[in-house]
Amino acid sequence: MKTLNILWQRLVTPEGATCERCGGTQEAIVQVIPKLQEALRPLGIELVLEAREIALDAFKGMPSESNRIWIGGRSIEDWLSASVGTSTCCSACGGAACRTLEVGAETFEAIPEALILKAALLAASASLGAASDAAAAPGVRKPGCAQTRVLWRCLIGRRPTSDGPIRSPVFSLPSSA
């Protein structure tokens, strides 16, 4: 079974507190992990989540390292063709210029479930493509975007309408009753 590693790191104060944006990302991770496990299990991919805490002293020197996610060894911004920005944070961060994620014209302080899901599906697709690339004969079409659409469709229960990106995903899984 292949493994897809997700690493998330965030500030945690000596009192165990974190800021609202890291808390929001944590909620998104908690929601997305079971969905990813269900989608990836039939493909023979095991999801492994590691959450790291950044101490306050280390955070003060590098606030942009907090609320950062790597999937399959690559940053989420790399998977999403996004960029990193900053904005003033609150509470536990003490007003530091903390990390934001910029995707297109949108800026996210907390990383939403949909972006984590999309990046993880891209990473899973790439890991499947890497295995088949090694076995594929020259000239054979290798999996890529079409494979990602299949993973996405399986997860959200609908087909893409074109070869373009899938828009307006709805994240609801059937209840296991």
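Note that the coordinates shown come from a computational prediction; the quantities given were computed from them, not determined experimentally.

Novice: Describe the overall build of the protein, naming the residues involved and giving the relevant values.
Specialist: Each helix and strand in the protein was counted, giving five helices and seven strands. In the protein, the order of α-helices and β-strands from amino to carboxyl end is β-α-β-α-β-β-α-β-β-β-α-α. Relative to its 177 residues, the protein shows a buried fraction of 40%. Taking as baseline every contact in the protein between residues at least 6 positions apart, the subset at least 24 positions apart corresponds to 65%. Summed over all atoms, the accessible surface of the protein reaches about 9600 Å², with 52% contributed by carbon and sulfur.

Novice: Run through the sheet that holds strand β6 (residues 97-103), naming residues and quoting values.
Specialist: Strand order in this open sheet of three strands is β5-β6-β7, and the pairing throughout is antiparallel. This sheet does not close on itself; its edge strands, each paired only once, are β5 (83-88) and β7 (106-108). This sheet shows a mean twist of 40° between the axes of neighbouring strands, independent of strand direction. Bridging between β6 and β7 involves three bridges; their strand directions are antiparallel. Looking across to β7, one finds that Glu-102 is bridged to Thr-107.

Novice: Explain the packing of aromatic side chains residue by residue, including any values.
Specialist: For any pair of aromatic rings, the description rests on two quantities: the centre-to-centre distance and the angle between the ring planes. With the rule as written, the count across this model stands at zero aromatic pairs. Directly above the aromatic system of Trp-79 lies the positively charged group of Arg-74, at a separation of 3.7 Å from the ring centroid.

Novice: Mind laying out the nonpolar core, listing which residues take part and the relevant values?
Specialist: Judged by nonpolar contacts, the single largest core of 39 residues is most densely connected at Leu-4, Leu-36, Ile-69 and Ile-71. For this core, the secondary structure elements donating two or more residues are β1 (2-11), α1 (20-40), β2 (45-54), β3 (68-71), α3 (76-79), β6 and α4 (113-135).

Novice: Report on the state of the cysteines, specifying residues and quantitative values.
Specialist: Enumeration over the complete set of coordinates arrives at zero disulfides. Among the cysteines around Cys-22, which has no disulfide bond, Cys-19 carries the closest sulfur, lying 3.7 Å off. With no disulfide of its own, Cys-90 lies 4.5 Å from the sulfur of Cys-89, the closest cysteine sulfur. By relative accessible area, Cys-90 is classed as partly exposed at 31%.

Reading the values: rules and limits
- Residues numbered from 1 in each chain as written.
- Predicted model: local features only at pLDDT ≥ 70, side-chain atom pairs only at ≥ 80, totals over all residues.
- Heavy atoms only, no water.
- Helix = DSSP H or I, 4+ residues; strand = E, 2+ residues; numbered from the N terminus.
- Buried < 20%, exposed > 50% of the residue type's maximum accessible area, 1.4 Å probe, protein only.
- Contact = heavy atoms within 4.5 Å.
- Areas by Shrake-Rupley, 256 points an atom, 1.4 Å probe, with all protein chains shown as cover.
- Pairing = 2+ DSSP bridges.
- Axes fitted to C-alpha atoms, helices over the stretch in contact; angles between N-to-C directions.
- Phe/Tyr/Trp six-rings, centres within 6.5 Å; stacked < 30°, edge-to-face > 60°.
- Lys NZ or Arg CZ within 6 Å of the ring centre and 35° of its normal.
- Core = buried A, V, L, I, M, F, W, Y, C linked by side-chain atoms within 4.5 Å.
- Disulfide = S-S within 2.5 Å.

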